[in-house]
Amino acid sequence: MRTYHCFWLLFWAGQPLQSFLTPLSKRTSGFPEKEKVLVLSGNSRREVHRSKRSWMWNQFFLLEEYTGTDYQYVGKLHSDQDKGDGSLKYILSGDGAGDLFIINENTGDIQATKRLDREEKPVYILRAQAINRRTGRPVEPESEFIIKIHDINDNEPMFTKDVYNASIPEMSDVGTFVVQVTATDADDPTYGNSAKVVYSILQGQPYFSVESETGIIKTALLNMDRENREKYQVVIQAKDMGGQMGGLSGTTTVNITLTDVNDNPPRFPQSTYQFRAPESTPPDSPVGRIKANDADVDENAEIEYSITEGDGYDMFGITTDKDTQEGIITVKKALDFENKSLYILKVEATNTHVDPRFLYLGPFKDSATVRIQVEDVDEPPVFSRPAYIMEVKEDVPINSVIGTVTAQDPDAAKNPVKYSVDRHTDMDRVFNINSGNGSIFTSKPLDRETLLWHNITVIAAEINNPKQSSRVPVFIKVLDVNDNAPEFAMFYETFVCENAKAEQLIQTLSAVDKDDSYSGHQFSFSLAPEAASSSNFTLQDNRDNTAGIFTRKTRYNRHEMSTYFLPVVISDNEYPIQSSTETVTIRVCACDHRGKMLSCNAEALIHPTGLSTGALIAILLCIIILLVTVVLFAALRRQRKKEPLIISKEDIRDNIVSYNDEGGGEEDTQAFDIGTLRNPEAIDDNKLRRDIVPETLFMPRRTATARDNTDVRDFINQRLKENDTDPTGRKA
């Protein structure tokens, strides 16, 4: 009979809750059960049946976080080849062998040397073998077994965030989702309830609730109003062991903010507002500000103001200040205290962003009454028109009234007004005005041909307060009268050939008139009566404001008459009729057969233009003025005074000694030695002047040495220094 050997795994069961034995889940081979095997574990024994004799292995279970003082017993290895005589040796290898786990090589007992943490390493895989001590050969094949660390509840739930922040709109329904919190437990979720987390709310009721299994926070109270309370702090607890007593727990804080919705309409703090505005307030100027309060914020508090009714609807306007949400009341038209002193307006404030969900709370608008009192101010006189246009004929006599301006004091006092003409607009004083009644009259003759329009300004001022004044433009048009006779359009000077034929056209005339004509000018031309019968020329009126001069005879002789002066009368058809006599100069010249002038005595025909006497006189005067200016300029340059070289408070003449001596000129080198002044001790008594004869002669004698004259030296040095630095000094 063949013998099979087996390696027994004996589990320690003497100490409860330290290690556990799991029954063998399957056999190592398919042999039928034939014999009973005794397996020892501590002081207990039980019988098992096996189909063959071979290695048997199982799992060891070891509790984590062992706190005992001795090594923690894991289990026992035993081979059926072990006779108890010490011939076998047990060897352990694998995870932690020799460090975390040790084995008694004689008995096969396995122990853990350190505290184990399942969260660090939950499973250890080891290998066991029995060898013969003498031969060192294994008596059984190596077998692998597992040590599983059994979990205990040593980790509390940890939230993914220390602080959660969330926000929801105010007035949300009950059960509205706020935020979900999550906590994790490092314990084994497959063993017991150590990792089963349950959520609960510690702070934040009755406003919020939390689902125990999911950690979802929801609203629990209806109509939470941001205007009453905006921020909430909720504390959530996560507890393991399914929330049972003895479970570990962790907490987190959730900060919840209610966001604003437009659930509050604007409201005026008072029903009536009163303002005052002077009647002189210019248009678009502010009168006052009003504000409706809105408990909402941001765009939910934006307000639009409008004037809905009132007797000042067209006199005032209102706009919204976007920064302060105030209504600014402004003047649209000029105010007049005398016309109306009190305006009553109805102003409405409306939200621009209305939420339809809250329309049931009432209309989101409010109204108030605004009373505006117009204050009287001293106003300047007011003219009856913004401008005046007057017409006057140019031939009116002086002091003729041409029109009247009218101004009145608009105030209730009705102060009297005086009138005047702004002389800056009438420098020639052509017009004047009656200061009492405002009638404008002429003070000088008018001439339409010189100036057609006169634009003057009339001032109206209160007599009691001249500072209160106003101005009005007056446009005066000078009307034309027929006071100018027609005249030639140009100076006519022509010629006639000596061989001219009769009835030959030699010149066409035209005329102009400075006067105006509403229907157009109609001029008539004729020869003066004194030349009509005896003239050598005839005049033909063309009836189109032109006329032609024709020859009356066949030939002309320039030696008999070289120049003809033909008087022509020009008349207009206006009332009164004006006429003038103009002269046409006709020279007799020699011409060729084609009528081209060859020569004549009329040098003016060749040089028709010349300088008049007045022009020559003006040119001569200019030349004289220019010469006089040049002469005066030259005389002033000659008489320019030379500035003194020495300027001193003391008169230098006091220090000058007159000698009535005449010097010897540049060649006189012994007349005076300047070195003597610089060094008085170097005086040479033997040297005599050569320019004069000495009065007495003295024998040479030795004189005492003169002491240094410092006064003279200082004086000379000072004057030299002053002249060297004098900018006005000139070289001789």
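Note that the structure is a prediction, hence the values are computed from the model and not measured.

**Focus on the overall build of the chain**
- When helices and strands are tallied, the chain shows 5 helices and 45 strands.
- Taken over 732 residues, the chain has a buried fraction of 36%.
- Restricting to contacts in the chain with at least 6 residues of sequence separation, those with at least 24 account for 67%.
- With an accessible surface of roughly 45,800 Å², the chain has 51% of that area assigned to carbon and sulfur atoms.

**Side note on a nonpolar patch on the surface**
- There is a patch of nonpolar side chains on the surface, built from Ile617, Leu620, Leu621, Ile624, Val628 and Leu632 and spanning about 560 Å² of accessible area.
- Along the chain, Leu632 falls in helix H3 (residues 613-638).

**Overview of the pairing of strand E20 (residues 249-259)**
- Alternating residues of E20 divide into Gly250, Thr252, Val254, Ile256 and Leu258, all buried, and Ser249, Thr251, Thr253, Asn255, Thr257 and Thr259, none buried.
- Strand direction decides the pairing type here: strand E13 (residues 163-169) and E20, joined by 7 bridges, are parallel. Note on E20: the bridge partner recorded for Ile168 is Leu258.
- Looking at chain direction, strand E19 (residues 231-239) and E20 are connected through 9 bridges and run antiparallel. The residue bridging Tyr232 from the neighbouring strand is Ile256, located in E20.

**Observations concerning H3**
- If you check H3, its first and last C-alpha atoms are 38 Å apart, about what 26 residues at 1.5 Å a residue would give, namely 38 Å.
- Little of H3 sits inside the fold, with 0 of its 26 residues counted as buried.

**Regarding the pattern of salt bridges**
- All told, the structure shown has 24 salt bridges when counted by the stated rule.
- Between Lys322 and Glu304 there is a salt bridge whose closest N-O contact spans 3.8 Å. Of this pair, Lys322 sits in the loop between strand E24 (316-321) and strand E25 (326-331) while Glu304 sits in strand E23 (residues 303-310); the two residues are 18 residues apart in sequence, bridging distant segments of the chain.
- Glu304 gets classed as partly exposed once you look at its relative accessible area, which sits at 38%.
- Arg594 is paired through a salt bridge with Asp592; the nearest N and O atoms lie 3.8 Å apart.

**Things to note about the sheet that holds strand E22 (residues 286-290)**
- If you trace the 3 strands from one edge of the open sheet to the other, you get E22-E25-E24, paired in antiparallel fashion. This sheet does not close on itself; its edge strands, each paired only once, are E22 and E24. Neighbour-to-neighbour, the strand axes of the sheet open up by a mean angle of 25°, direction not taken into account.
- Of the strand pairs in this sheet, E22 and E25 are connected by 4 bridges, and their pairing is antiparallel. Note on E25: the bridge partner recorded for Ile290 is Gly327.

**Things to note about the packing of aromatic side chains**
- Counted under the stated rule, the structure contains 12 aromatic pairs.
- Plain terms: the ring middles of Phe101 and Tyr124 are 5.2 Å apart, the flat faces sit at 70° to each other, and that makes the pair edge-to-face. With Phe101 in strand E8 (residues 101-103) and Tyr124 in strand E10 (residues 123-132), this pair connects stretches of sequence that are 23 residues apart. Note on accessibility: Phe101 and Tyr124 belong to one class, buried.
- Site record: aromatic cluster; members linked through ring pairs are Tyr207, Phe208 and Tyr232.
- One Lys or Arg, Lys121, reaches over the ring of Tyr124 and ends 5.5 Å from the middle of that ring.
- Here Lys340 stacks its cationic end above the ring of Tyr343, 5.5 Å away from the centre of that ring.

**Notes on unusual backbone geometry**
- The omega angle of the peptide bond from Gln205 to Pro206 is 5°, so this bond is cis rather than trans.
- Checked against the element boundaries, Pro206 lands in the loop between strand E16 (198-203) and strand E17 (208-210).
- In this chain, Tyr575 is followed by Pro576 through a cis amide linkage whose omega measures -10°.
- Residue Asp298 is not a glycine yet carries a positive backbone phi of 55°.
- With respect to the helices, strands and loops of the structure, Asp298 is situated in the loop between E22 and E23.

Rules of the game
- Residues numbered from 1 in each chain as written.
- Predicted model: local features only at pLDDT ≥ 70, side-chain atom pairs only at ≥ 80, totals over all residues.
- Heavy atoms only, no water.
- Helix = DSSP H or I, 4+ residues; strand = E, 2+ residues; numbered from the N terminus.
- Buried < 20%, exposed > 50% of the residue type's maximum accessible area, 1.4 Å probe, protein only.
- Contact = heavy atoms within 4.5 Å.
- Areas by Shrake-Rupley, 256 points an atom, 1.4 Å probe, with all protein chains shown as cover.
- Patch = residues over 30% accessible without salt bridge, like charges linked within 9 Å, V, L, I, M, F, W, Y side chains within 5 Å.
- Salt bridge = Lys/Arg side-chain N within 4 Å of Asp/Glu carboxyl O.
- Pairing = 2+ DSSP bridges.
- Expected span 1.5 Å × (residues − 1).
- Axes fitted to C-alpha atoms, helices over the stretch in contact; angles between N-to-C directions.
- Phe/Tyr/Trp six-rings, centres within 6.5 Å; stacked < 30°, edge-to-face > 60°.
- Lys NZ or Arg CZ within 6 Å of the ring centre and 35° of its normal.

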